[in-house]
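A closer look at the structure
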Amino acid sequence: MEPDQPGVPAADVYTAELEPRPGGPLLRRARVAAAFVAELAWGLLPGPSVSDVVVRRRDDGSEVLRVPAGDPVVPGDLLRYVREQLEVLGPEEFVQDWQPRVR
């Protein structure tokens with residue numbers, strides 16, 4: 001599907017999934033350990049995100065958006081929100097709304 005067709009939801013063009021944050025196994029272990037320590041501190045310390053919400057084109061798998069998933073205890077909250085946005089927004093509108101958040 002072409003993203004510029006009127007009435008096409010972004011979900012027909014893009015898919016959103018949780019993926020591990022970039023970095024090697026040592027960095028991933030450090031993030032998980034930091035998230036564990038943050039949980040032990042009863043949320044007084046911010047926990048690092050161990051996953052990213054990644055939006056990719058369905059046709060070629062190219063990455064369109066990558067944002068930290070946030071709280072490692074509930075990473076699915078942001079994923080759920082992004083998937084809802086994919087259902088209600090058109091492809092171009094979705095990219096325009098989320099582009100400022102891309103790092």
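The structure we're discussing is the one just above.
Residues numbered from 1 in each chain as written. Predicted model: local features only at pLDDT ≥ 70, side-chain atom pairs only at ≥ 80, totals over all residues. Heavy atoms only, no water.

1. Some details on the packing of aromatic side chains
One pass over the full model with this rule turns up 3 aromatic pairs. Aromatic rings pair up to connect Tyr14, Tyr81, Phe94 and Trp98 into one cluster. (Phe/Tyr/Trp six-rings, centres within 6.5 Å; stacked < 30°, edge-to-face > 60°.)

2. Some thoughts on the pairing of strand S3 (residues 63-68)
The pairing of strand S2 (residues 51-57) with S3 spans 5 bridges and is antiparallel. Bridge assignment links Val53 to a residue of S3, and that residue is Val67. Hairpin connection between S2 and S3: a loop of 5 residues separates the two successive antiparallel strands, and Gly61 in this loop has a positive phi of roughly 75 degrees. (Pairing = 2+ DSSP bridges. Helix = DSSP H or I, 4+ residues; strand = E, 2+ residues; numbered from the N terminus.)

3. A closer look at the side chain of Arg21
Its place among the elements puts Arg21 in the loop between strand S1 (14-20) and helix H1 (25-40). The exposure class assigned to Arg21 is buried, which follows from its relative accessible area of 18%. At a separation of 2.7 Å, a polar atom in the side chain of Arg21 contacts the side chain of Asp52. (Buried < 20%, exposed > 50% of the residue type's maximum accessible area, 1.4 Å probe, protein only. Polar contact = N/O pair within 3.5 Å; in protein donor to acceptor, adjacent residues only side chain to side chain.)

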